[in-house]
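# Commentary on secondary and tertiary structure
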Amino acid sequence: MGLLAAAIMVAGCSSTPKNERADSQAERLYREALDDIAAGGYDRAIRSLERVEGLAAGTLLAQQAQLDLSYTQWRSGERAPALATIERFIKLNPSSPALDYAMYLRGVINFADSLGFLGSLAGQRLSERDQRAARDSWQAFKQLVDQFPASPYTPDARLRMAFIVNSLAEYEVNVARYYYRRGAYVAAANRAQQAVAEFPSAPATEEALYLMVVSYDRLQLAPLRDAAERVLRLTYPDSEFLRRGVAAADRPWWKVW
């Protein structure tokens, strides 16, 4: 918040007398909204920021209010409205000096949703939840990194992207493991192969290769089994899966003992 504050102050000095009353009211409401956000009064802040947008339409203050509105909606648990607000900002303000922050905020909103509140309470991993929000988050961060490599938000975006990639890979492996344990060896091999192809550098690739080995073995496809095992041994010569088998990662997320 406050990214456009300096520009807003300059713009405020050039207001015409006709607009002074509306400008004054908008600025007062905006200050009150910031106080409410700081105090955790998100519902009241949202109402104030929506009014600021209308009173200051077409100004930098309206842009800043829109950014703060999206942030506040997200903080209050209103993900869909928060995303709609930030998408509207990006569409209407392609040359805004705060565009990099808007892209970053879009990624963060999806990133937090992909973690999930209940999942965090139960210790559930991102890889065990629906992956759509995670992929949307990755795309948002990727756009930020590509368009604004020097942005102060880019380093954190890169870290979050790496985390998402690792989690997406683990999700694919979770599905492959599920199929394998139920005797669906073709599906297990295909899902594991998808993880290897899409996320070759992710930590979960090690188990994906092992699942390919054991699935092809069950299917009596020796050439494919041997090829997967060669890659596993070359890439992970000290692999725990080669010593202990698929049970090496066989601990459900809800187990705490």
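The structure this text deals with has already been given above.
Below: a short report on this structure. (Residues numbered from 1 in each chain as written. Predicted model: local features only at pLDDT ≥ 70, side-chain atom pairs only at ≥ 80, totals over all residues. Heavy atoms only, no water.)

### Concerning the nonpolar core
If you look at the biggest cluster of nonpolar residues, it comprises 64 residues, and the most contacted ones within it are Leu49, Val52, Leu67, Phe141 and Leu211. By residue number, the principal contributor to this core is helix α6 (residues 99-115), which donates nine residues. Apart from the residues within four sequence positions on either side, Leu49 is in contact with Tyr30, Ala33, Ile37, Ala65, Asp68, Leu69 and Thr72. (Core = buried A, V, L, I, M, F, W, Y, C linked by side-chain atoms within 4.5 Å. Buried < 20%, exposed > 50% of the residue type's maximum accessible area, 1.4 Å probe, protein only. Helix = DSSP H or I, 4+ residues; strand = E, 2+ residues; numbered from the N terminus. Contact = heavy atoms within 4.5 Å.)

### Overview of the packing of helix α11 (residues 205-218) against helix α12 (residues 222-235)
To characterise two packed helices, one gives the angle between the axes of the helices and the distance between these axes. Contact geometry for α11 and α12: axes closest at 8 Å, N-to-C directions at 155°. Taken together, α11 and α12 sit at an angle that is classed as roughly antiparallel. Here α11 runs over α12; the crossing is left-handed. For the pair α11 and α12, contact is made by Glu206, Leu209, Tyr210, Met212, Val213, Tyr216 and Asp217 and by Leu224, Arg225, Ala228, Glu229, Val231 and Leu232, respectively. The residue inventory of the contact of α11 with α12, partitioned by class, reads nine nonpolar, no polar and four charged. (Axes fitted to C-alpha atoms, helices over the stretch in contact; angles between N-to-C directions. Parallel < 35°, antiparallel > 145°, perpendicular 65-115°, else oblique. Left-handed = near helix turned anticlockwise from the far one by under 90°. Nonpolar A, V, L, I, M, F, W, Y, C, P; charged D, E, K, R; others polar.)

### As for helix α9 (residues 154-181)
Along its 28 residues, α9 runs 41 Å from first to last C-alpha, staying within 8% of the 40 Å computed at 1.5 Å per residue. At the C-terminal side of α9, Gly183 shows a positive phi close to 80°. (Expected span 1.5 Å × (residues − 1).)

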